[in-house]
Amino acid sequence: EAKLTPLAMPNGKRPRFDASLVLLTRKFMALLKKAPNGVLDLNEVATTLGVRKRRVYDITNVLDGIDLIQKRSKNLIQWM
């Protein structure tokens, strides 16, 4: 029996998580790399990515938890 990987599902489609949160995280990281001094406004990120701020918080909570970013204020984060 073959093992299923996230890119090889029986129906030929990617799992939902791969198409949404992983893709959003990659786009978020691209924005962060381009940000002056590594500082991002989360309101601008949500607008640029076309998602609700809740989805941006999903990303920032994980990155904050592993000490890659820190919150500077309510809407600003900074790469560490």
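Relevant structure appears above.
Residues numbered from 1 in each chain as written. Predicted model: local features only at pLDDT ≥ 70, side-chain atom pairs only at ≥ 80, totals over all residues. Heavy atoms only, no water.

Undergrad: Requested: an account of a nonpolar patch on the surface, with residues and values cited.
TA: On the surface, V62, I66, L68 and W79 cluster together into a nonpolar patch covering about 370 Å² of accessible area. Residue placement: V62 occurs in helix α3 (residues 53–65). (Patch = residues over 30% accessible without salt bridge, like charges linked within 9 Å, V, L, I, M, F, W, Y side chains within 5 Å. Areas by Shrake-Rupley, 256 points an atom, 1.4 Å probe, with all protein chains shown as cover. Salt bridge = Lys/Arg side-chain N within 4 Å of Asp/Glu carboxyl O. Helix = DSSP H or I, 4+ residues; strand = E, 2+ residues; numbered from the N terminus.)

Undergrad: Let's hear about the nonpolar core: which residues, and what values?
TA: Where a protein is soluble and globular, its nonpolar side chains tend to be buried together. With 15 residues, the main nonpolar core has F28, L32, L40, V45, V56, L63 and I77 as its most contacted residues. Of all elements in the fold, only α1 (16–34), α2 (42–49) and α3 reach the threshold of two or more residues within this core. Contact partners of F28, with chain neighbours within four places excluded, come to L40, L42, V45, L49, V56, I59, T60, L63 and I77. (Core = buried A, V, L, I, M, F, W, Y, C linked by side-chain atoms within 4.5 Å. Buried < 20%, exposed > 50% of the residue type's maximum accessible area, 1.4 Å probe, protein only. Contact = heavy atoms within 4.5 Å.)

Undergrad: Any details on the side chain of Q78? Residues and values, ideally.
TA: Its location among the elements puts Q78 in strand β3 (residues 76–79). One polar contact links the side chain of Q78 to the main-chain carbonyl oxygen of N37, over a distance of 3.3 Å. Those residues within four positions of Q78 in sequence are excluded, and the remaining contacts are N37, G38, V39, L68, I69, Q70 and R72. (Polar contact = N/O pair within 3.5 Å; in protein donor to acceptor, adjacent residues only side chain to side chain.)

Undergrad: Report on the pattern of salt bridges, specifying residues and quantitative values.
TA: Tallied over the full model, the rule gives two salt bridges. Here R54 makes a salt bridge to D58, at a shortest N to O gap of 3.2 Å. Placement of the pair is R54 and D58 together in helix α3, with a separation of four residues, close to one helical turn. The class of D58 is partly exposed, set by a relative accessible area of 25%. Between R55 and D58 there is a salt bridge, and its shortest N-O distance comes to 3.1 Å. On the criterion of helical spacing, the pair formed by R55 and D58 is a turn pair, its members being three residues apart in helix α3. The exposure class of R55 is partly exposed, given its relative accessible area of 28%.

Undergrad: Hey, could you go over α2 for me, with residue numbers and the actual values?
TA: All of the buried residues in α2 are L42, V45, A46 and L49. For α2, the buried positions fall inside an angular range of 95 degrees around the axis, keeping them on one side. Relative to its buried face, α2 has exposed residues pointing more than 90 degrees away, namely E44, T47 and T48. The backbone nitrogen of N43 lies 2.7 Å from a side-chain oxygen of the residue at the head of α2, namely D41. Once α2 finishes, G50 follows within two positions and takes phi at roughly 70 degrees, a positive value. (Arc of directions from axis to C-beta.)

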